[in-house]
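Inside the fold
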Amino acid sequence: PILILAGGQASPEFAASAGLTGSSPNRALALIGDEPMVQWVIRACRNAELGPVILVAPPGFPSMPGVDRFVAVDEGLERNISLGIAQGAPLNAEQVLLVTADIPFVKPESLRDWVRQSQESGADCCYAALRRVDCDRQFPGMKRTYVRVDGEEMTGGNVVLQRVATYERQAAVLRQAYARRK
């Protein structure tokens, strides 16, 4: 299964430039063309044909075409993932693909390739990372957070393949990493 995580709030700058309104606008609803950003991600996930598409978003989030199941939760990233797995994933799911709702340019073939490589690694958790030079080339001027790894500046790719059985043990590490990311 694929869990699309749509809980992130837009910064005031992003909200203003994207035309989002309200006291805490959800960035996944920013329009790209005439569709919310999350719809682009849903379509890519659906076309990747990797399993049911489960949208994990705050209560009141509008329904979106192409979603097999909706999990209404707004308890922070680590808990949203946990509840998304528990309430959305099939009981026999060994792994779940976590995809954030704010990567509208993701391609189905990229998702399939990432899953294949991650499964071949045998790891419990595989987190996609992109080199700064590649990100800057494809998306010049995009604001990203970077970290130096083995002499190379890297940014998160917002896609994770997670073994379901090990998630709860890893959740504390995720909580710490997420808190320290910026």
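Residues numbered from 1 in each chain as written. Predicted model: local features only at pLDDT ≥ 70, side-chain atom pairs only at ≥ 80, totals over all residues. Heavy atoms only, no water.

1. Notes on the overall build of the protein chain
Counted only if it meets this: By definition, any uninterrupted DSSP run of H or I lasting at least four residues is a helix, any uninterrupted run of E lasting at least two residues is a strand, and each is numbered from the N terminus. Just to be clear, the radius of gyration here is over C-alpha atoms, and the globule rule we use is 2.2 Å times residues to the power 0.38. What sets the accessible areas is the Shrake-Rupley method with a 1.4 Å probe; for residues, cover comes only from the shown protein chains. Just so you know, the count uses Lys and Arg for positive and Asp and Glu for negative, and it drops His and the chain ends. A charge is said to be at NZ when it belongs to Lys, at CZ for Arg, at CG for Asp and at CD for Glu.
A count of helical and extended segments in the protein chain gives six helices and nine strands. Its C-alpha atoms give the protein chain a radius of gyration of 16 Å, within 12% of the compact-globule value 16 Å for 182 residues. Of the roughly 10300 Å² of accessible surface on the protein chain, a fraction of 52% belongs to carbon and sulfur atoms. When the 20 basic and 20 acidic side-chain charges of the protein chain are each reduced to a single mean position, those positions are 3 Å apart.

2. So, helix 6 (residues 167-180)
For the α-helix, the turn length of 3.6 residues means that residues three or four positions removed from each other point alike. What counts here: Expected span of a helix: the number of residues minus one, times 1.5 Å. Two axes enter the bend calculation: one fitted to the seven residues ending at the residue in question, the other to the seven starting there, and the bend is the angle between them.
Over its 14 residues, helix 6 extends 19 Å from the first C-alpha to the last, a length consistent with the 20 Å expected when each residue adds 1.5 Å. A bend of about 30° at V173 is the largest found in helix 6.

3. Observations concerning helix 4 (residues 108-121)
Counted only if it meets this: Per-residue accessibility, obtained with a 1.4 Å probe over protein chains only, is compared with the maximum for each type, and a residue is labelled buried under 20%, exposed over 50%, and partly exposed between these values. An arc is given here, and it is the one of the directions from the helix axis to the C-beta atoms. Any two residues whose heavy atoms approach within 4.5 Å are treated as being in contact.
With 14 residues, helix 4 should cover 20 Å at 1.5 Å per step; its first-to-last C-alpha distance of 20 Å lies within 8% of that length. Taken residue by residue, helix 4 has P108, L111, W114, V115 and S118 as its buried positions. Each buried residue of helix 4 lies within a common arc of 125° when the element is viewed along its axis, so the set occupies one face. Buried residues in helix 4 make contact with helix 2 (37-48), strand 6 (95-100), strand 7 (125-131) and strand 9 (152-163).

4. Topic: the packing of aromatic side chains
The geometry of an aromatic ring pair is captured by the separation of the ring centres together with the interplanar angle, meaning the angle of the planes. Short version of the rule: In summary, the pairing rule links any two rings of Phe, Tyr or Trp, Trp by its six-membered ring, whose centres are within 6.5 Å, and it sorts them by plane angle into stacked for under 30 degrees, edge-to-face for over 60 and tilted for everything else. The rule for a charge over a ring is simple: NZ of Lys or CZ of Arg within 6 Å of the ring centre, and within 35 degrees of the ring normal.
For the structure on display, the rule yields one aromatic pair. In this arrangement the basic side chain of R43 is found over the ring face of W40, its NZ or CZ atom lying 5.4 Å from the centre. Note that R132 overlies the ring of Y146, its terminal NZ or CZ placed 4.0 Å from the centroid.

5. Some thoughts on the nonpolar core
Selection criterion: To qualify as a nonpolar core, a set must consist of buried Ala, Val, Leu, Ile, Met, Phe, Trp, Tyr and Cys residues joined through side-chain atoms within 4.5 Å.
I4, V38 and L97 are the most contacted members of the largest nonpolar core, which has 27 residues in total. Put simply, the parts of the chain that give this core at least two residues each are strand 1 (2-5), helix 2, strand 4 (53-57), strand 6, helix 4, strand 7 and strand 9. Per element, the largest residue contribution to this core is six residues, and it comes from helix 2. V38 has contacts with I4, A28, L55, F61, M64 and A101, leaving out every residue within four places of it along the chain.

6. Some thoughts on the environment of A123
Within the secondary structure, A123 sits in the loop between helix 4 and strand 7. Classification of A123 by relative accessible area gives partly exposed; the value is 28%. Considered as a pair, A123 and R79 are 44 residues apart in the sequence and their alpha carbons are 22 Å apart.

7. Details of the environment of A72
The residue A72 is located in strand 5 (residues 69-72) in this model. The exposure class assigned to A72 is partly exposed, which follows from its relative accessible area of 40%. Along the sequence, A72 and L55 sit 17 residues apart, while their C-alpha atoms lie 8.3 Å from each other. When near neighbours in sequence (up to four residues on either side) are disregarded, A72 contacts A57 and P59.

8. Observations regarding the packing of helix 3 (residues 77-88) against helix 6
Each packed pair of helices is defined by two parameters, the angle between the axes and the distance between the axes. How we decide: Angular values range over 0 to 180 degrees, each being the angle between N-to-C directions of two axes fitted as lines to C-alpha atoms, with helices fitted over their stretch in contact. Working rule for angles: under 35 degrees goes down as roughly parallel, over 145 as roughly antiparallel, 65 to 115 as roughly perpendicular, anything else as oblique. Two helices that cross are described as forming a left-handed crossing if the nearer one is turned anticlockwise from the farther one by less than a right angle, and a right-handed crossing if clockwise. Residue polarity is assigned by list, with Asp, Glu, Lys and Arg as charged and Ala, Val, Leu, Ile, Met, Phe, Trp, Tyr, Cys and Pro as nonpolar; anything else, Gly included, falls into the polar class.
One way to put it is that helix 3 packs onto helix 6 with a least axis distance of 9 Å and a crossing angle of 150°. With respect to each other, helix 3 and helix 6 are oriented roughly antiparallel. Of the two possible hands of crossing, helix 3 and helix 6 adopt the one that is right-handed. On helix 6, the residues that touch L77, E78, I81, S82 and I85 of helix 3 are Y167, E168, A171, L174, R175 and Y178. Split into classes, the residues belonging to the contact of helix 3 with helix 6 amount to seven nonpolar, one polar and three charged.

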